[in-house]
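# Structural overview
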Amino acid sequence: MTFFNKIKWILGILMVFVLIVTTNLIDRNNFIRVKDSVVSIYEDRLVAKNLILDISNSIHKKEMAVALTDSAFFENSNNGENKNIQNLISKFETTKLTKEESETFSDLKENLNQLNKTESEFVKSSYTNKEDMFKQISKIKKNLEDLSKIQLLEGSKQMSISKKAIDSVELFTQIEIYLLIFLAIVIQIIVMYNPKKES
């Protein structure tokens, strides 16, 4: 094999190698985006949505106890519900929060702290001052509703990111096929090209 033929083969192989490495890096980046998006949907949205639901259930129990003037609830179960809510709040803090979500979550924590004070006053009033309790519970329910809407919105954004990444992978796969066909033709031309020797 002549030196010129060796150069032709090396160039042909290098072109294929560069194409494969480049497209592989692009595909890898897109797959990382899809993976991150799916993980975010689960860890930061579905888990958060479940925590919101659990907090809502605890708040609903409190609301029912106020409505029914259930003194037994406040004497026996309320402290357990407060600990449960605090535990759920701590778990929620570990999720990735957007700016809007962080602000709403901060409001929720303030309103929960205020609820604890209002509950003490409610118990001291011999369970007669229901109006303040209902007002505070209403604020918390609004916070939870807003947080729930944010989960849907952010989950939708992550799905959109995944879809764009998958569309990019499909597009680059088609481009790869066309480039490989083009390179195959170029390599054939390079390999078959034989410059005329001077006579």
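Within each chain, residue numbers correspond to sequence positions counted from 1 in written order. Local features in this predicted model are restricted to residues whose pLDDT is 70 or higher, and side-chain atom pairs enter the listing and the counts only when it is 80 or higher, whereas totals over whole chains, interfaces and linings include all residues. Each side-chain value is derived from all of the structure's non-hydrogen atoms; neither hydrogens nor water enter the calculation.

### As for a negative patch on the surface
Two joining distances apply to patches: 9 Å for like charges and 5 Å for nonpolar side chains (Val, Leu, Ile, Met, Phe, Trp, Tyr), and every residue must have over 30% relative accessible area and no salt bridge. What sets the accessible areas is the Shrake-Rupley method with a 1.4 Å probe; for residues, cover comes only from the shown protein chains. Salt bridges are defined by distance alone: a side-chain nitrogen of Lys or Arg within 4 Å of a carboxyl oxygen of Asp or Glu. Counted as positive: Lys and Arg. Counted as negative: Asp and Glu. His and the chain ends are not counted at all. Think of each charge as sitting on NZ of Lys, CZ of Arg, CG of Asp or CD of Glu. A cluster of acidic residues, Glu100, Glu103, Asp107 and Glu110, forms a negative patch at the surface. Per the convention used, a helix needs a DSSP run of H or I reaching at least four residues, while a strand needs a run of E reaching at least two, with both numbered from the N terminus. Tracing the sequence through the fold places Glu100 in helix α3 (residues 99-124).

### Here's the deal with the packing of aromatic side chains
Here the aromatic set is Phe, Tyr and Trp, taking the six-membered ring for Trp, and pairing holds for ring centres within 6.5 Å; pairs whose planes are under 30 degrees apart are stacked, those over 60 apart are edge-to-face, and all others are tilted. The full count for this structure, using the stated rule, is five aromatic pairs. Here the aromatic rings of Phe73 and Phe74 are separated by 5.3 Å at their centres, their planes lie at 85°, and the arrangement is edge-to-face. Neither Phe73 nor Phe74 differs from the other in exposure class; each is buried. Look at Phe74 and Tyr127: their rings are 6.0 Å apart centre to centre, the planes differ by 35°, and that puts the pair in the tilted class. Of the two residues, Phe74 sits in helix α2 (residues 71-93) while Tyr127 sits in the loop between α3 and α4 (130-192), which places them 53 residues apart along the sequence. Here the two residues Phe74 and Tyr127 agree in accessibility, since each one is buried. Feature note: the residues Phe73, Phe74, Phe122 and Tyr127 constitute an aromatic cluster, connected by ring pairs. Exposure classes here rest on a 1.4 Å probe applied to the protein chains alone. A residue is buried below 20% of its type maximum, exposed above 50%, and partly exposed in between.

### Structural notes on the environment of Ser162
Note that Ser162 resides in helix α4. The spacing of Ser162 and Asn76 is 86 residues in sequence and 48 Å in space, taken between C-alpha atoms.

### Describing the nonpolar core
Ranked by internal contacts, the top residues of the largest apolar core, which has 24 residues, are Ile59, Phe74 and Leu108. Listing elements by their share of this core, those giving two or more residues are α1 (3-67), α2, α3 and α4. It is α1 that contributes the most residues to this core, seven residues altogether. The contact criterion used throughout is that any non-hydrogen atoms of two residues lie within 4.5 Å. The contact partners of Phe74, leaving out residues within four places of it in the chain, are Lys62, Ala65, Val66, Glu119, Phe122, Val123, Tyr127 and Met133. Nine residue types can take part in a nonpolar core, namely buried Ala, Val, Leu, Ile, Met, Phe, Trp, Tyr and Cys, and a core is a set of them joined through side-chain atoms within 4.5 Å.

### Things to note about the pattern of salt bridges
Throughout the structure, instances matching the rule amount to nine salt bridges. Notably, a salt bridge pairs Lys61 with Glu81, separated by 3.3 Å at the nearest N-O pair. Separated by 20 residues along the polypeptide, Lys61 in helix α1 and Glu81 in helix α2 bring together distant segments of the chain. Overall, Glu81 belongs to the buried group, its relative accessible area being 11%. Put simply, Glu93 and Lys109 hold a salt bridge, and the shortest N to O gap is 2.8 Å. Placement of the pair is Glu93 in helix α2 and Lys109 in helix α3, with a sequence separation of 16 residues. Lys109 gets classed as partly exposed once you look at its relative accessible area, which sits at 30%.

### A word on a nonpolar patch on the surface
On the surface, Ile10, Leu14, Phe17, Val18, Val21 and Leu25 cluster together into a nonpolar patch covering about 560 Å² of accessible area. As for its placement among the helices and strands, Ile10 is situated in helix α1. Of the residues examined, Ile10 reaches a relative accessible area of 48% and is grouped as partly exposed.

### Quick word on the packing of α2 against α3
For the pair α2 and α3, the least separation of the axes is 12 Å and the interaxial angle reads 165°. Taken as axis vectors, α2 and α3 run roughly antiparallel relative to one another. When the axes of α2 and α3 are compared, the crossing they make is left-handed. Residues Phe74, Asn78, Asn82, Ile85, Ile89, Phe92 and Glu93 of α2 touch α3, and the partners they reach there are Glu101, Phe105, Leu108, Lys109, Leu112, Asn116, Glu119, Phe122 and Val123. Among the residues forming the contact of α2 with α3, the class breakdown is nine nonpolar, three polar and four charged. Note on geometry: axes are lines fitted to C-alpha atoms, helical ones only across the stretch in contact, with angles between N-to-C directions running from 0 to 180 degrees. Our angle categories are set so that under 35 degrees counts as roughly parallel, over 145 as roughly antiparallel, 65 to 115 as roughly perpendicular, and the remainder as oblique. Crossings are sorted by hand: turned counterclockwise from the far helix by less than a right angle, the near helix makes the crossing left-handed, and turned clockwise it makes it right-handed. For this scheme, ten residues count as nonpolar: Ala, Val, Leu, Ile, Met, Phe, Trp, Tyr, Cys and Pro. Four count as charged, namely Asp, Glu, Lys and Arg, and the remainder, Gly too, count as polar.

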